[in-house]
Amino acid sequence: MTETIKKRIPIHVDLAPNRDEVYSGICLKSNDDIFIFTCFNEETKVFDGFAIIRNYEIDKYREWDEKELNEIKNDNSSDFLNKLPLEKMNNMFECLTELKNEKLIAIFNESDDDSYFVGKIENLSKNEVELKLLNEDSEWIGNEKVKIKEITYIGFQTSYEKELLNKIVAHPSI
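A look at unusual backbone geometry
Move 1: Positive phi outside glycine occurs at Arg8, with the angle close to 55°.
Move 2: As for its placement among the helices and strands, Arg8 is situated in the loop between helix H1 (2–7) and strand E1 (10–14).
Move 3: Note on Arg8: relative accessible area 28%, which makes it partly exposed.
Move 4: Although it is not a glycine, Asn82 sits at a positive phi angle of roughly 60°.
Move 5: Here Asn82 is to be found in the loop between helix H2 (66–70) and helix H3 (92–98).

Here you go:
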């Protein structure tokens, strides 16, 4: 994995058998606790935001082959390099600490593979994060506390979060 990170080679990350998910992107950091990568959007064929996954969720990964590399529509991966303070992001709590000023993040937890929370960090302690939640219509709908040890995935700065933020800007009364 060290060479893959150093060379910025796109990979597929398989979470089976833990979850029925495969994520694609470029790994920026991997340690015993977390795996941080730029996401590749399969629909738009460009790199799109960041994700952090618990490393125990990852069963295996595979570097892209030549055909897959040719599918990249516009290689914008450099837009995501050197944007995060990776040296300060060694576990989920430290990652959340660095994301406190993000306008929106998405969090999946281990109890539900199909739903997730999108919001802004309101409060953070060693054990839990409190999010001010935003729904799919960009309406603030209340707060949710999530235990950090139950978080399996954090996404941020993706087209989905940007789309929700644009709805707020376009309709500030929402």
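What to know about the confidence of the model for the protein chain
Move 1: Per-residue confidence for the protein chain gives a mean pLDDT of 88, with 94% of residues at or over 70.
Move 2: Confidence, read as mean pLDDT per element, is least for helix H4 (residues 159–170) in the protein chain (78) and greatest for H3 (97).

Some thoughts on the side chain of Ser138
Move 1: For Ser138, the position within the fold is in the loop between strand E8 (128–134) and strand E9 (140–147).
Move 2: Within polar-contact distance, the side chain of Ser138 engages the backbone oxygen of Leu164 at 2.7 Å.

Some thoughts on the side chain of Ser77
Move 1: Checked against the element boundaries, Ser77 lands in the loop between H2 and H3.
Move 2: On the basis of relative accessible area, Ser77 is assigned to the buried category, the value being 12%.
Move 3: Looking at Ser77, its side chain comes within polar contact range of the side chain of Asp75, at 2.7 Å.

Regarding the nonpolar core
Move 1: In terms of nonpolar packing, the biggest core is built from 29 residues, with Ile36, Ile52, Leu96, Ile105, Ile107, Ile151 and Ile154 touching the most fellow members.
Move 2: For this core, the secondary-structure elements that each account for two or more residues are strand E2 (22–30), strand E3 (34–41), strand E4 (46–54), H3, strand E6 (105–109), E8 and strand E10 (151–156).

Digging into the pattern of salt bridges
Move 1: Under the definition given, this model contains 7 salt bridges.
Move 2: Between Glu3 and Lys7 there is a salt bridge; the shortest N-O distance is 3.9 Å. Residue Glu3 and its partner Lys7 are located together in helix H1, separated by 4 residues, close to a single helical turn.
Move 3: Accessibility expressed as a relative area gives 41% for Glu3, which makes it partly exposed.
Move 4: Here Glu42 makes a salt bridge to Lys45, at a shortest N to O gap of 3.9 Å.
Move 5: Exposure remark for Glu42: the relative accessible area of 39% places this residue in the partly exposed category.
Move 6: You can call Lys45 partly exposed: its relative accessible area is 21%.
Move 7: One network of salt bridges, with partners in common, ties together Glu3, Lys6 and Lys7.

Focus: the packing of aromatic side chains
Move 1: Scanning all chains against the criterion turns up 10 aromatic pairs.
Move 2: Here Phe50 and Phe80 contribute two aromatic rings whose centre-to-centre distance is 5.4 Å and whose plane-to-plane angle is 85°, an arrangement assigned as edge-to-face. With a gap of 30 residues between them, Phe50 in strand E4 and Phe80 in the loop between H2 and H3 connect regions that are remote in the sequence. By the burial criterion, Phe50 is buried, and Phe80 matches it.
Move 3: Consider the rings of Phe50 and Phe156, whose centres lie 5.3 Å apart with planes at 20°: the pair is stacked. Taken as a pair, Phe50 in strand E4 and Phe156 in strand E10 lie far apart in primary sequence, 106 residues in all.

Details of the environment of Asn74
Move 1: Secondary-structure assignment places Asn74 in the loop between H2 and H3.
Move 2: With sequence-adjacent residues up to four places away left out, Asn74 is seen in contact with Lys45 and Val46.

As for the environment of Leu69
Move 1: Among the secondary structure elements, Leu69 is positioned in helix H2.
Move 2: Residues Leu69 and Leu133, spaced 64 residues apart in sequence, show a C-alpha to C-alpha distance of 36 Å.
Move 3: The contacts of Leu69, once residues within four sequence positions are left out, are Pro10 and Trp64.

Cut-offs used in this document
- Residues numbered from 1 in each chain as written.
- Predicted model: local features only at pLDDT ≥ 70, side-chain atom pairs only at ≥ 80, totals over all residues.
- Heavy atoms only, no water.
- Helix = DSSP H or I, 4+ residues; strand = E, 2+ residues; numbered from the N terminus.
- Buried < 20%, exposed > 50% of the residue type's maximum accessible area, 1.4 Å probe, protein only.
- pLDDT = per-residue confidence, 0-100.
- Polar contact = N/O pair within 3.5 Å; in protein donor to acceptor, adjacent residues only side chain to side chain.
- Core = buried A, V, L, I, M, F, W, Y, C linked by side-chain atoms within 4.5 Å.
- Salt bridge = Lys/Arg side-chain N within 4 Å of Asp/Glu carboxyl O.
- Phe/Tyr/Trp six-rings, centres within 6.5 Å; stacked < 30°, edge-to-face > 60°.
- Contact = heavy atoms within 4.5 Å.

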